[in-house]
Amino acid sequence: MIGIAVNGAAGRMGRTIAAIARDLPDVRIVGGSDRERLDDEAAAAAGFPRIVASADAASVVAEADVVLDFSSPAGLLALLDAPGAPLAGKALVVGTTGLGEAQLERLRAAERTMAVLVAANFSIGVNLLLALAEQAARALPAPAYDVEIVEAHHRRKADAPSGTALALGRAVAAGRNASLESLRRDGRSGQTGERPAGEIGFHALRGGEVVGEHRVLFLGARERLELAHVATDRALFAEGALVAARWIVGKGPGAYGMAEVLGLTAKGEG
Ligand SMILES: NC(=O)c1ccc[n+]([C@@H]2O[C@H](COP(=O)([O-])OP(=O)(O)OC[C@H]3O[C@@H](n4cnc5c(N)ncnc54)[C@H](OP(=O)(O)O)[C@@H]3O)[C@@H](O)[C@H]2O)c1
């Protein structure tokens, strides 16, 4: 039986993970943490035996084999810096997106002592799409083919472009032996001038209850290739995160990705 704790337990993903884990015979949700402690009734309604404040995560994490983080960049830092170093000896699966240098630096340090898996998207389809985007970028080089990445999400999403869109951009850049940082262009407005060769454009739509849609366009002079993925239920991500959680238990210190979990070969994940 694998003990799982969730940081961001009271959120949409936290509740979905708890609901799915309830039906899995080899998994036990030991508790959660969030911005604030929830009373027992509210925690039970969210599917957790208890939910404490992230700063008090040590008491919950002590019972877990693996911790899943679906909170926010600040929430992840609160977990990593919680008093009592609660994550020592545990495995960590991070689904939170919009991570900045502060979070990435702390994760790199954590990887030296524990198994850490970071994935902007836990769906098998998106992880296959990462591999396909890298392959297509290699076969359809710049400047003959321009790449634009369009994504859509619900109105409450906090970060843009999505972590998955950026992972797709990294996969395209890897297929062209380049790094995304030098090619990234977020949206266009005003007197933009001619499109620079090799640029990778990102466009984020926000509204309604869209779970998550990503489209990678390779635009040539006489043809256009489009690779697209549509998620219709966030349970998809929760299921994938639980697959990752079972996979990572018992792994040695280091950085892991969904490509390894799923036996795929994409290099753009992150
Ligand atoms: N990798 C994937 O496949 C995948 C799929 C879906 C979502 N995500 C990502 O997962 C994250 C959570 O998504 P969601 O839709 O579940 O969001 P959500 O509904 O807003 O849930 C996040 C939870 O974390 C809490 N939180 C935020 N900041 C915190 C802090 N500083 N300390 C402690 N707790 C904090 C929130 O509390 P408050 O409500 O008080 O802020 C909320 O309860 C986002 O980054 C999202 O992009 C990833």
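Residues numbered from 1 in each chain as written. Predicted model: local features only at pLDDT ≥ 70, side-chain atom pairs only at ≥ 80, totals over all residues.

Within the largest apolar cluster, 69 residues are counted, with the highest numbers of intra-cluster contacts made by L68, V93, L168, A241 and A244. Looking at which domains feed residues into this core, each of domain 1 (2-118) and domain 2 (124-231) supplies at least three. Other than its neighbours up to four places away in sequence, A244 contacts V93, L117, A119, F122, M258 and V261. (Core = buried A, V, L, I, M, F, W, Y, C linked by C-beta atoms within 7 Å. Buried ≥ 20, exposed ≤ 12 C-beta atoms within 10 Å, placed from the backbone. Domains from an automatic or database assignment. Contact = placed C-beta atoms within 7 Å.)

Attention now goes to the domain arrangement of the protein chain. Taken domain by domain, the protein chain comprises domain 1 (2-118) and domain 2 (124-231). Computed from C-alpha atoms alone, the centre-to-centre distance between domain 1 and domain 2 is 30 Å.

Looking at the protein chain, pLDDT values average 95 and 98% of them are 70 or higher. For residues 266-270, every residue scores under 50 in pLDDT, and the model assigns this stretch 27 contacts once sequence neighbours within four places are set aside. (pLDDT = per-residue confidence, 0-100.)

Next up on the list: the packing of helix α1 (residues 12-21) against helix α8 (residues 235-248). Put simply, α1 and α8 touch, their axes get as near as 9 Å, and they point 65° apart. Relative to α8, α1 is oriented roughly perpendicular. Between α1 and α8 lies a crossing of right-handed hand. Taking contact as the criterion, the partners of M13, T16, I17, I20 and A21 in α1 are, on α8, A235, F237, A238, E239, A241 and L242. For the contact of α1 with α8, the residue count by class is nine nonpolar, one polar and one charged. (Axes fitted to C-alpha atoms, helices over the stretch in contact; angles between N-to-C directions. Helix = DSSP H or I, 4+ residues; strand = E, 2+ residues; numbered from the N terminus. Parallel < 35°, antiparallel > 145°, perpendicular 65-115°, else oblique. Left-handed = near helix turned anticlockwise from the far one by under 90°. Nonpolar A, V, L, I, M, F, W, Y, C, P; charged D, E, K, R; others polar.)

So, about the site of the ligand. In the neighbourhood of the ligand, 24 residues make up the surrounding shell, with G8, G11, M13, G75 and G95 lying closest. The set of elements that each furnish at least two residues to the shell around the ligand consists of α1 and α4 (73-80). Looking at which element gives the most residues to the shell around the ligand, the answer is α4, with three residues. By residue class, the composition of the shell around the ligand is nine nonpolar, 11 polar and four charged. (Near = placed C-beta within 6 Å.)

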